[in-house]
Amino acid sequence: MNIDDFNLLSKLIKDRSGLTLTKDKAYLLESRLLPVARKWNLKSLDELVMRLRTRSEAGLVRDVVEAMTTNESFFFRDIKPFDQFKQVVLPYLLQNRTAARSIKIWSAACSSGQEPYTLGMIMKEERQRLIGWNLDILATDLSTEILAKAQAGLYSQFEVQRGLPIQLLVKYFKQAGDRWQIDSAVREMVRYRPFNLLDELSGLGQFDIIFCRNVLIYFDQPTKQMVLERMAKQLAPDGFLYLGGAETVVGITDKFQPMANHRGIYHHANPAAAARVAGL
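1. With respect to the overall build of the protein
Consideration 1: Of the regular secondary structure elements, the protein holds 12 helices and 10 strands.
Consideration 2: At 20 Å, the protein has a C-alpha radius of gyration in line with the 19 Å of a compact globule built from 280 residues.
Consideration 3: Viewed in the frame of its principal axes, the protein has a C-alpha envelope of about 60 × 50 × 30 Å.
Consideration 4: Burial status across the protein gives 51% buried among its 280 residues.
Consideration 5: Across the protein, contacts joining residues at least 24 apart in sequence account for 72% of those joining residues at least 6 apart.
Consideration 6: Of the roughly 13400 Å² of accessible surface on the protein, a fraction of 50% belongs to carbon and sulfur atoms.

2. Things to note about the pairing of strand S1 (residues 102-107)
Consideration 1: In terms of residue burial, S1 counts as a mostly covered element, since five of its six residues are buried.
Consideration 2: Bridging between S1 and strand S2 (residues 134-141) involves six bridges; their strand directions are parallel. Counted as the bridge partner of isoleucine 105 is isoleucine 137 from S2.
Consideration 3: Crossover connection from S1 via helix H6 (residues 114-125) to parallel S2: handedness right-handed.
Consideration 4: Pairing geometry for S1 and strand S7 (residues 207-212), over three bridges, is parallel. Of the residues in S7, the one forming a bridge with tryptophan 106 is isoleucine 210.

3. A few points about the sheet that holds strand S5 (residues 179-182)
Consideration 1: Taken together, three strands build an open sheet; the order of strands is S3-S5-S4 and the sheet is antiparallel. The sheet is open, and its two borders are formed by strand S3 (154-156) and strand S4 (173-176), each paired with just one other strand. Neighbour-to-neighbour, the strand axes of this sheet turn through a mean angle of 35°, independent of strand direction.
Consideration 2: Bridge analysis of S3 against S5 gives three bridges, and the strand direction is antiparallel. Opposite tyrosine 155, over in S5, you have tryptophan 180 as the bridge partner.

4. A few points about the nonpolar core
Consideration 1: With 44 residues, the main nonpolar core has Phe75, Phe85, Ile105, Met121, Leu164 and Phe173 as its most contacted residues.
Consideration 2: No other element matches helix H5 (residues 80-96), which puts eight residues into this core.
Consideration 3: Leaving out residues up to four positions away in the same chain, phenylalanine 75 has contacts with Gln114, Tyr117, Thr118, Met121, Tyr155, Glu159, Val160, Arg162, Gly163, Leu164 and Phe173.
Consideration 4: Membership of the second largest hydrophobic core comes to 24 residues, among which are Leu235, Val249, Phe256 and Tyr266.

5. Some thoughts on the packing of helix H1 (residues 3-17) against helix H2 (residues 26-39)
Consideration 1: Between H1 and H2, the least distance of the axes is 11 Å, while the angle of their chain directions is 80°. Looking at the two axes, H1 sits roughly perpendicular to H2. Contacts between H1 and H2 pair Phe6, Leu9 and Ile13 from the former with Ala26, Leu29 and Leu33 from the latter.
Consideration 2: The residue inventory of the contact of H1 with H2, partitioned by class, reads six nonpolar, no polar and no charged.

Criteria and thresholds
Residues numbered from 1 in each chain as written. Predicted model: local features only at pLDDT ≥ 70, side-chain atom pairs only at ≥ 80, totals over all residues. Heavy atoms only, no water. Helix = DSSP H or I, 4+ residues; strand = E, 2+ residues; numbered from the N terminus. Rg over C-alpha atoms; globule rule 2.2 N^0.38 Å. Buried < 20%, exposed > 50% of the residue type's maximum accessible area, 1.4 Å probe, protein only. Contact = heavy atoms within 4.5 Å. Areas by Shrake-Rupley, 256 points an atom, 1.4 Å probe, with all protein chains shown as cover. Pairing = 2+ DSSP bridges. Right-handed = clockwise from strand over helix to strand, strands pointing away. Axes fitted to C-alpha atoms, helices over the stretch in contact; angles between N-to-C directions. Core = buried A, V, L, I, M, F, W, Y, C linked by side-chain atoms within 4.5 Å. Parallel < 35°, antiparallel > 145°, perpendicular 65-115°, else oblique. Nonpolar A, V, L, I, M, F, W, Y, C, P; charged D, E, K, R; others polar.

Right, dumping it as C-alpha cells:
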C-alpha cells in the first residue's frame, strides 16, 4: 500500500471513528479491508481506495470504518470491574438513590453485548434488593452489524466459555442449535442504539455509571480528552466512570480522578464528589 492510500484511509477512519492508525498498522488495513472490497465487487484494495476517492458512498464508508473497529469482548471481562460493581458501586447506589429508585448505566462501545448482558445478569442475581427499582442499561456502538449480533443475544460455544460461570450459563441461556441464546428477561434490560463517541453526548441523558473500557487506547490524546470531558457532563455528580486496565485520565483531563482503592474506577474531580464516595 502506497503512502497516499494509507493516509487517505487512516484519515477517513480517524475522522469517522476516532481510531488512530500508525504506519506500522498498514497490514491491518489490508487484512480487514480486503473482505470489504470483495463485498463491493472490487478486485483489490487499490480499487477500493479509488472508489473512495471518486465517489461519495455512505454505505462503503460505513463498511470501511466498521471493519477497522475492534470488537473484542467477552463475559465478565477482567472480572475485577464486575466484582467492584456488585460489591461497591451497586450497594452505594442502592443507598443513595432511594428517592428516585432508578439506576442508569451506559455501556459505551458495547461490541457484541457481553458487557451489558454481564451487568444485567449481576442485577438479576441481586433482584431481591432491586425490587421496585427502574434499571436502565443503554448500550451503544459505532458498528450497526455488531449491534445486531448483540441484540440477538446469540453466542457460540467458544464465546460462552470465555469468562461466563457455568451456573450462569445454565441459568440464563438456552441452547439454540450450535449456539446459546441469553434469556429474554436479560435481553430486555438492555437498550441498544448506534452511536459514535465522537458525537455530542448530551442527547443520551445522564448516567449513574459509564462503562467505557478498552476504547480510549485507540484514540489520540486530544480525542481522549474530548470524549472524557463530554462524558463528565453526562455523569451524575456522584457517578462512576469505568475505564480499561491500561487506560487512565491522568495527564489527559482534570475532570476526573481515580477512585481510592479501586483501580479502574473514576469519579468527578472535585471535593464534593470525593466526599460522597469516600470510604468505599
